[in-house]
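# Inside the fold
So you can see what is in the structure, the chains are spelled out below.
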Amino acid sequence: MQSEPNTSESPFHIDVAERVKRLPPYLFGKINDLKYRKRRAGVDVIDLGMGNPTDVPAPLVIEKLCEAARDERNHRYSVSNGLFNLRREFALRYARKHDVQLDCDSEALAGLGSKEVFSHMCLALLGPGDTAIVPAPSFPIHVYAVALASGNVISLDCTQPDRFLSSVANVAEHLYPKPKLVILNFPHNPSTTVVERDFFVEVVKLARRFGFMVIHDFAYGDVCFDGYRAPSFLSVPGAKDVGVETTTMSKGFNMAGWRLGFCAGNAEMIRALATIKGYYDYGIFQPIQIAGILALRHGEEAVERQAAEYQSRRDVLVEGLRRLGWDMEKPRAGMFVWARYPAEWRDRLGSMDFAMKLLEEAEVAVSPGRGFGEAGEGYVRLALVENEHRLKQAVRQIGRCLRGEKAAG
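Reference entry: report on the structure contained in this document. (Residues numbered from 1 in each chain as written. Predicted model: local features only at pLDDT ≥ 70, side-chain atom pairs only at ≥ 80, totals over all residues. Heavy atoms only, no water.)

## Some words on the layout of surface pockets
Approximately 910 Å³ is the volume attributed to the largest pocket. Along the walls of the largest pocket sit 38 residues, with M50, G51, K115, F139 and R381 positioned nearest its centre. Counting only elements with at least two residues in the lining of the largest pocket, the list comes to α2 (29–40), α5 (114–125) and α6 (140–148). With 4 residues, the top contributor of residues to the lining of the largest pocket is α2. (1 Å grid on protein atoms, 1.4 Å probe; cavity = no way out; pocket = protein on both sides within 12 Å on 5 of 7 lines; lining within 4 Å. Points joined across faces, edges and corners; volume = space filled by probe spheres on them. Helix = DSSP H or I, 4+ residues; strand = E, 2+ residues; numbered from the N terminus.)

Laid out in structure tokens, this is it:
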């Protein structure tokens, strides 16, 4: 007879990998939980927390997706680095927009969004004992991807680009072993900091001098305002010798849920990424890639219109918050406003508690600056994803909330 299991034994212990234990705590979980519960209760929360576009792709792109999905040949596994015609169209757009020539076979790869290609590139480049320099305040994946690759993070304030470069040089000169990787992100999320092309000239010089590689997260390069044009890292001579650039169709093309992004640049780094992806996935759903070809080929006017729409929303939100006494600069690019909330509230509430107050009492969701690291404390990030009417309503609700309870002196 089989013996009964011994229920007196202690529970089986699950010991997860050290890379998971090293992940920082997820600081947005509390806000997301309250937002979910409010919506379940029927509350109309104005969600400016996540950069999740509410606009939709151009009609011809959606129609192409539907047409391609009806072709039974498009439901098989695709190739993990993207269809050749998609990579070719991507390379042609880089030539038109940034005057950058890419070999679409060896210097370009399509992936499941820029977050995926960025994360897997970190996995391809880093291991235990390796160090990456990350801009601060930090978009979470720039820290998490390094941690998941078992690397170490050094965070440097990037809101003053010249000082950031000096800090990179200082760390690279004095740290042993030297940093293996420098991660860049301009236009920057969350601070909206932008750079000119000369900045990347200096980055390439530093990379050659100290022997580090570069990943430039260029996710917001399509969303620029007031005549500013975000430069591509790859447009600088020598950039392809030292690094890569990741881009996405989520922002300018409004294809966030489609998960279509790219990595371009150094052929050896692209090869390493392709090797990782070859083991992990079978590529993007082919109808999405086919529709992406059409978007890249014919969608530039739609991208420009979307940037103009974000600029109008930026003006509404910034001007409204300034009237409430908030301190901020008008961003020149991106889909966020990075705002320092009023001093009377900074003296009383950290950014996490302040964001919870706005959600609980104003029914407006924002991202607390602390969620982007210590350098973000005292700020909140507001996404320009709602229309102008909703943004004006959000400002009114925030104003009523903050007037309703005078902050303690």
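We are not done yet, so read on.
## Let's talk about empty space enclosed by the protein
Using the criterion set out here, one finds 1 cavity of 30 Å³ or more in the structure. Surrounding the largest cavity, 15 residues form its lining, R93, Y94, D222, T247 and T248 being those nearest its centre. Only α4 (84–98) and β7 (243–248) provide two or more residues apiece to the lining of the largest cavity. With 5 residues, the top contributor of residues to the lining of the largest cavity is α4.

## A short note on unusual backbone geometry
In terms of backbone geometry, most residues other than glycine have negative phi values and most peptide bonds are trans. Across the junction of F186 and P187, the peptide omega takes the value -5°, indicating a cis bond. With respect to the helices and strands, the residue P187 is situated in the loop between β5 (181–184) and α8 (197–210). Cis peptide bonds are those with omega within 30 degrees of zero, and the linkage from N189 to P190 qualifies with 20°. If you trace the backbone, P190 turns up in the loop between β5 and α8. In the Ramachandran plot, D99 falls in the positive-phi region, its phi being about 55° despite a non-glycine side chain. Counting through the fold element by element, D99 comes out in the loop between α4 and β2 (108–111). With relative accessibility at 63%, the residue D99 sits in the exposed group. (Buried < 20%, exposed > 50% of the residue type's maximum accessible area, 1.4 Å probe, protein only.)

## Quick word on α4
Taking 1.5 Å per residue, 15 residues should reach 21 Å; α4 reaches 21 Å between its end C-alpha atoms and fits that length. Looking at the packing, one finds that the buried side of α4 touches β2, β7, β8 (261–265), α11 (286–298) and α12 (300–323). D99, located one to two residues past α4, shows a positive phi value of around 55°. (Expected span 1.5 Å × (residues − 1). Contact = heavy atoms within 4.5 Å.)

## What about the side chain of H142?
The topology assignment puts H142 in helix α6. Within the local environment of H142, its side chain forms a polar contact with the side chain of D217, the two groups lying 2.8 Å apart. Contacts of H142, omitting those with residues within four sequence positions, involve F118, V134, I183, N185 and D217. (Polar contact = N/O pair within 3.5 Å; in protein donor to acceptor, adjacent residues only side chain to side chain.)

## Comments concerning the nonpolar core
Nonpolar side chains in soluble globular proteins generally cluster together in the buried interior. With 58 residues, the main nonpolar core has L184, F199 and F233 as its most contacted residues. Looking at this core, the elements that each hand over two or more residues are α4, β2, α7 (161–174), β5, α8, α9 (239–242), β8 and α11. Ranked by the residues each element gives to this core, the list is headed by α8, at 7 residues. Sequence-distant contacts of L184, that is, excluding residues within four places in its chain, are made with F164, F199, F200, V203, V214, I215, H216 and D217. In this structure, Y310, V318, A365 and L382 belong to the second largest nonpolar core, which totals 44 residues. (Core = buried A, V, L, I, M, F, W, Y, C linked by side-chain atoms within 4.5 Å.)

## Points about helix α10 (residues 267–280)
Compared with an ideal rise of 1.5 Å per residue, which puts 14 residues at 20 Å, α10 spans 20 Å between its outermost C-alpha atoms and is within 8% of the ideal. Those residues of α10 that fall on the buried side of the exposure criterion are M269, I270, A272, L273, I276 and K277. Across the axial projection of α10, the buried residues extend over an arc of 160°, all falling on one side. Looking at the buried side of α10, the elements it contacts are β2, α5, β6 (213–217), α9, β7 and β8. Where α10 starts, the residue carrying a side-chain oxygen 3.0 Å from the main-chain nitrogen of E268 turns out to be N266. (Arc of directions from axis to C-beta.)

## Some points on the packing of aromatic side chains
Tallying each qualifying case throughout the model produces 13 aromatic pairs. Ring geometry for F186 and F199: centres 5.1 Å apart, planes at 70°, overall edge-to-face. Placement of the pair is F186 in the loop between β5 and α8 and F199 in helix α8, with a sequence separation of 13 residues. Neither F186 nor F199 differs from the other in exposure class; each is buried. Pairing W326 with F354 gives two aromatic rings, centres 5.9 Å apart and planes at 55°, and the pair type is tilted. Of this pair, W326 sits in the loop between α12 and β9 (336–340) while F354 sits in helix α14 (residues 351–362); the two residues are 28 residues apart in sequence, bridging distant segments of the chain. On the accessibility criterion, W326 (4% relative accessible area) is buried. (Phe/Tyr/Trp six-rings, centres within 6.5 Å; stacked < 30°, edge-to-face > 60°.)

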